[in-house]
Amino acid sequence: MDDSANTNIEVNQKAAPGSNATQIGQQINNYGMTPEQAFQIVMDLFNQNFPKLQALAKETAEKRANEFCQEVIQKIVNNGIQDFSSLADPDVQYILYEAQKNYARFGTSEMLSTLTELIAKRVVHDNEFILKVTIDKAVEIASLLSPEQLNYLSLLFMCTRTSTTSIKTLESLEKYLKGLVAIVGIVDFSSSDYLNMLGCLQIGIYDAVDRLASRYNFSKQEVEKICPQQIKKLSGSYITSHIGTILAITNLEAHHGPKLDPKIWIR
């Protein structure tokens, strides 16, 4: 099954070797906990657990917690969830607070996007044991990663674990690879050992040009000529692990890249 983004990136989704709650948004039919109730639970969770700070720091932390709550509720709504009862579950609340806490501490827009997207996925996939455990670990690790390191995971994931049936010519392959590079932006290619230490990578010898040539039935020399330098730099000893994969997918969505189903790779 192909999934395409506004950036013309297509992916064949199969494994390859303090504001009030009215700000939350749209009207929906609820059969359990409402978005307003969920918002209050999430804010209460933060207020009851986050360490007491001096006035200015407390104000900043609470503002970030409010931003986090609104963003995560909206993303859950956007994923089609109408019942927020899972937010009252201790298991969900544990990892929800972990995400809240990290955003309250660091407060970057990139972290807000990553953490809220991860929590939304956690709610959506609450019945998928391996996937939800993977997301929990990703939430704990996300605050330890720079945007450039997340971009590395995204580029590595797309080139090592996905393929697309739309590539028939060298020209289409070149366009696809340049599109990937444009989506992720600046990449930290020196971070592989660090990411491996955190559990985001696993051993998997990877020659980018050779793999692309084999996958799309071109000669290595042909691919060498059209392959962006950023893609060639991916060659090495690692591919993304389960944790790296969910972080890569989440980061791609934050960059308005393809929206992928993590259950294809994590099960």
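**Quick notes on the overall build of the protein**
Line of reasoning, step 1. Scanning the protein for helices and strands turns up 12 helices and 4 strands.
Line of reasoning, step 2. In the structure as shown, the protein presents an accessible area of about 12,600 Å², 49% of it carried by carbon and sulfur atoms.

**Quick notes on the packing of helix α5 (residues 129-142) against helix α12 (residues 242-254)**
Line of reasoning, step 1. Where α5 meets α12, the axes come as close as 9 Å, and the angle between the chain directions of the two elements is 75°. When the axes of α5 and α12 are compared, the pair comes out roughly perpendicular. In this structure, α5 uses I130, L131, T134, I135, K137, A138, I141 and A142 to contact α12, whose residues at the interface are H242, I243, I246 and L247.
Line of reasoning, step 2. Here the contact of α5 with α12 is built from residues that sort into 9 nonpolar, 2 polar and 1 charged.

**Here we look at the packing of aromatic side chains**
Line of reasoning, step 1. Scanning the model with the defined rule gives 2 aromatic pairs in all.
Line of reasoning, step 2. Aromatic side chains Y152 and F189 sit 6.2 Å apart centroid to centroid with 85° between the ring planes, which places their arrangement in the edge-to-face category. Of this pair, Y152 sits in helix α6 (residues 147-161) while F189 sits in the loop between α7 (170-184) and α8 (192-197), and the two are 37 residues apart along the sequence.
Line of reasoning, step 3. With a centroid separation of 5.1 Å and an interplanar angle of 75°, the aromatic rings of F157 and W265 are classed as edge-to-face. Here W265 lies in the segment after α12 and F157 lies in helix α6, a separation of 108 residues in the sequence. Exposure class is identical for F157 and W265. Each is buried.

**Considerations on a nonpolar patch on the surface**
Line of reasoning, step 1. A surface patch of nonpolar side chains, amounting to about 280 Å² of accessible area, comprises F129, I130 and V133.
Line of reasoning, step 2. With respect to the helices and strands, V133 occurs in helix α5.

**Considerations on helix α9 (residues 208-216)**
Line of reasoning, step 1. Those residues of α9 that fall on the buried side of the exposure criterion are A208, V209, L212, A213 and Y216. All buried residues of α9 fall inside an arc of 125° around its axis, so they share one side.
Line of reasoning, step 2. Where α9 starts, the residue carrying a side-chain oxygen 3.2 Å from the main-chain nitrogen of V209 turns out to be D207.
Line of reasoning, step 3. Looking one or two residues past α9, N217 carries a phi angle of roughly 65°, positive in sign.

**Here's the deal with the side chain of T164**
Line of reasoning, step 1. Here T164 shows up in the loop between α6 and α7.
Line of reasoning, step 2. A distance of 2.9 Å separates a polar atom in the side chain of T164 from a polar atom in the side chain of S166.

**Observations regarding the packing of helix α4 (residues 109-124) against α12**
Line of reasoning, step 1. The geometry of α4 relative to α12 is characterised by a closest axis approach of 9 Å and an angle of 115° between their N-to-C directions. When you trace α4 past α12, the crossing you get is right-handed. Mapping the contact onto sequence places S113, T114, E117, L118 and K121 in α4 and I246, L247, I249, T250, E253 and A254 in α12.
Line of reasoning, step 2. Broken down by class, the residue content of the contact of α4 with α12 amounts to 5 nonpolar, 3 polar and 3 charged.

**Looking at the confidence of the model for the protein**
Line of reasoning, step 1. Mean pLDDT over the protein: 84, with 85% of residues reaching 70 or higher.
Line of reasoning, step 2. Note on residues 1-8: pLDDT is under 50 here. Beyond four places in sequence and across chains, it has 21 contacts.
Line of reasoning, step 3. Here residues 17-31 is a poorly scored stretch, pLDDT under 50, and it has 30 contacts once near neighbours within four places are set aside; other chains count.

Basis of the calculations
Numbering of residues begins from 1 in every chain and follows the order in which that chain's sequence is written. Totals for whole chains, interfaces and linings use all residues, but because this is a predicted model, local features are given only for residues with pLDDT of at least 70 and pairs of side-chain atoms are given and counted only at 80 or more. With hydrogens and water stripped out, all remaining heavy atoms of the structure feed into the side-chain values. Numbering of helices and strands runs from the N terminus; a helix is a DSSP stretch of H or I covering at least four residues, while a strand is a stretch of E covering at least two. Per-residue and other accessible areas follow the Shrake-Rupley method at a 1.4 Å probe size, with only the shown protein chains counted as cover for residues. Orientation is described by lines fitted to C-alpha atoms, with helices fitted over the stretch in contact, and by angles between N-to-C directions that extend from 0 to 180 degrees. Every angle not falling under 35 degrees, over 145, or within 65 to 115 is termed oblique; those three ranges are roughly parallel, roughly antiparallel and roughly perpendicular. Residues are treated as being in contact if the distance between any of their heavy atoms lies within 4.5 Å. Classification used: nonpolar for Ala, Val, Leu, Ile, Met, Phe, Trp, Tyr, Cys and Pro, charged for Asp, Glu, Lys and Arg, polar for all others including Gly. The rule is short: rings of Phe, Tyr and Trp, with Trp giving its six-membered ring, pair when the centres are within 6.5 Å, and they are stacked under 30 degrees, edge-to-face over 60, tilted in between. Burial classes follow relative accessibility: with a 1.4 Å probe on protein chains only, a residue under 20% of its type's maximum area counts as buried, one over 50% as exposed, and anything between as partly exposed. Surface patches are defined over residues having more than 30% relative accessible area and no salt bridge, joining like charges when they lie within 9 Å and nonpolar side chains (Val, Leu, Ile, Met, Phe, Trp, Tyr) when within 5 Å. Here a salt bridge means any side-chain nitrogen of Lys or Arg lying within 4 Å of a carboxyl oxygen belonging to Asp or Glu. It is the directions from the helix axis to the C-beta atoms that the arc portrays. Throughout this description, a polar contact denotes any pair of N or O atoms lying within 3.5 Å of each other; where both atoms belong to protein, one of them has to be capable of donating a hydrogen while the other can accept it, and for residues adjacent in sequence the pair is counted only when both atoms sit in side chains. Crossing handedness follows the turn of the near helix against the far one: under a right angle anticlockwise gives a left-handed crossing, and clockwise gives a right-handed one. Note: pLDDT gives the predictor's confidence per residue, expressed from 0 to 100.

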